[in-house]
Amino acid sequence: MKRMSLFMARVKQENCQRLIVARFVRQTTNMTKDLITDLPASEINEKVFQELATYNVDKIADQLTGLSPAHLYNEVKNGRGDNLYYMWLACLVRLLKPRQVVELGAAGGISTIMIASELTKDAKFCSVDNDPQIAWKWIVKDYPQLTKILGDDLDMDIWKDIDLNKTDLFFIDTLHLATQLNKEIELYSPYWKKGAIVVFDDIKMPELRPIWEALPYDKCEDDRLHYSGFGFCRK
C-alpha cells in the first residue's frame with residue numbers, strides 16, 4: 001500500500017509538471033505573438049528579414065516535391081531574385097504563430113505550402129480558390145490544419161462554419177482587378193481584428209496600386225519581395 005501511495009504521488013507530481021510546462025509554452029507563444037504585432041509594420045518586416053537570414057527552405061524539401069524543378073528554383077528558392085515573398089511568408093508565420101490563417105487565392109498552392117509548413121499543430125488554415133484545374137495542384141502533403149475551400153471568396157456563405165473574427169493573418173492574392181480587391185476589402189475588413197496582419201501581393205499592378213496606397217492602416221511595402229509588388233498592413 002505504501003509503494004502504491006508513493007507511485008500515485010509521483011504520477012500526480014509528474015502531471016503537475018506537465019501542466020506547468022504546457023502553460024508556460026502557451027504563455028510564451030502568446031507573448032511572442034503580442035510583441036510582434038505590437039510593433040510598427042516596418043519593424044515587423046525587419047524581424048521577418050532577420051529570420052530569413054537563417055531560414056533553410058531545403059528542410060521542407062519533402063513538401064515541395066510536387067513542383068517542377070523550374071518552379072522550385074525560380075519561385076520558392078528565389079532563383080531569379082524577384083520572388084522572395086514565399087520564404088518571407090514562411091518566416092512571418094514562424095514568428096507570428098497565428099492561430100488562424102485565411103488565404104484568398106491559392107493557385108497551385110506554393111504560398112499554401114509555405115504557410116502550412118510553419119503552422120503550429122493547433123492552428124487553423126483556410127485556403128480559398130475558385131479554379132478546380134489548378135487549385136493546390138502542387139501540394140503533396142496532408143496538412144491537418146489546412147481546410148481547402150473551392151469557391152468564390154466574394155461569396156461569404158463559404159465561411160458558414162468558420163469564425164473569421166479569429167483570424168490573425170490574411171493573405172490576399174486573387175484576381176488583379178480593382179473591382180475584385182475593393183470588394184474583398186469591403187467584405188473582409190470588418191474581420192480584421194486589432195493586431196491582425198493582412199498581406200497583399202501584386203500591389204504594383206496598375207489597378208491595385210491606388211487601393212494599396214489608400215489603405216488607412218500602418219503598412220509596409222518591400223520591393224525585395226516580389227517584382228510586381230508586395231506589402232502588408234497591421235490593423
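Note that the structure is a prediction, hence the values are computed from the model and not measured.

Draft legend 1. Local environment of the sheet that holds strand β7 (residues 230-234). In space, the seven strands of this open sheet follow the order β3-β2-β1-β4-β5-β7-β6, with mixed pairing throughout. The sheet terminates laterally at β3 (146-150) and β6 (218-221), the two strands that pair on one side only. Along the sheet, successive strands turn relative to each other by an average axial angle of 15 degrees, direction set aside. Across five bridges, strand β2 (residues 124-129) lies against β3 in parallel orientation. Along β3, the bridge assignment pairs C126 with T147. On top of the sheet, helix α4 (residues 85-96) reaches β4 (169-172), β5 (197-201) and β7; it is set at about 175 degrees to β5, its chief contact. Packed on one face of the sheet, helix α6 (residues 178-188) meets β1 (100-104), β4 and β5 and runs near 165 degrees to β4.

Draft legend 2. A look at the layout of surface pockets. As a volume, the largest pocket reaches approximately 580 Å³. Around the largest pocket, the lining is made up of 34 residues, and of these G105, A106, A107, D129 and D173 lie nearest the centre. Looking at the lining of the largest pocket, the elements with two or more residues in it are α3 (69-76), α4, α5 (110-116) and β2. Considered class by class, the residues forming the lining of the largest pocket number 13 nonpolar, 13 polar and eight charged.

Draft legend 3. Spotlight on the confidence of the model for the protein chain. Scored by pLDDT, the protein chain has a mean of 90; 85% of the residues are at 70 or more. Predicted confidence for residues 19-32 stays below pLDDT 50, and this span has four contacts to residues more than four positions away or in other chains.

Draft legend 4. Representation of empty space enclosed by the protein within the structure. Scanning all chains against the criterion turns up one cavity of 30 Å³ or more. In this structure, the largest cavity occupies an estimated 70 Å³ of space. Lining the largest cavity we find I172, D173, T174, L175, H176, L181, E184, F200, D201, I203 and L208. Those elements giving two or more residues to the lining of the largest cavity turn out to be α6 and β5. Residues belonging to the lining of the largest cavity are distributed by class as follows: six nonpolar, two polar and three charged.

Draft legend 5. Structural detail: the pattern of salt bridges. For the coordinates displayed, the defined rule picks out 12 salt bridges. One salt bridge connects D58 with K77, and the closest N-O pair in it is separated by 3.0 Å. Highlighted residues: D58 in the loop between α2 (41-52) and α3 and K77 in the loop between α3 and α4, separated in sequence by 19 residues. Since its relative accessible area comes to 36%, K77 is described here as partly exposed. In this structure, D222 and R224 form a salt bridge, with 2.6 Å as the shortest nitrogen-oxygen distance. Three or more residues joined by partner-sharing salt bridges are found here, namely E51, R94 and E118.

Calculation notes
- Within every chain, residues take consecutive numbers counted from 1 along the sequence as written.
- With pLDDT at 70 or above as the cut-off, local features in this predicted model cover only qualifying residues; side-chain atom pairs require 80 or more to be listed or tallied, and sums for whole chains, interfaces and linings still use all residues.
- For side-chain calculations, the full set of non-hydrogen atoms in the structure is used, while hydrogens and water are omitted.
- Should DSSP find at least two bridges between two strands, the strands are regarded as paired.
- Only runs of H or I of at least four residues qualify as helices and only runs of E of at least two qualify as strands under DSSP, and these elements are numbered from the N terminus.
- Simply put, an axis is a line fit to the C-alpha atoms, just over the touching stretch for a helix, and the angle between two N-to-C directions goes from 0 to 180 degrees.
- In this description, contact between two residues means that some pair of their heavy atoms is separated by no more than 4.5 Å.
- Lining residues are defined by having an atom within 4 Å of a point belonging to a cavity or pocket. Those points lie on a 1 Å grid over the protein atoms alone, cavities being sets where a 1.4 Å probe fits but cannot get out and pockets being open sets with protein on both sides within 12 Å along at least five of seven lines.
- Grid points are joined across faces, edges and corners, and a volume is the space filled by probe spheres set on the points.
- Only Asp, Glu, Lys and Arg are considered charged in this grouping, and only Ala, Val, Leu, Ile, Met, Phe, Trp, Tyr, Cys and Pro are considered nonpolar; every other residue, Gly among them, is considered polar.
- Across the chain, each position has a pLDDT score giving the predictor's confidence in that residue, from 0 to 100.
- The rule for a salt bridge is simple: a side-chain nitrogen of Lys or Arg has to be within 4 Å of a carboxyl oxygen of Asp or Glu.
- Working definition: with a 1.4 Å probe on protein chains only, accessible area under 20% of the residue-type maximum means buried, over 50% means exposed, and in between means partly exposed.

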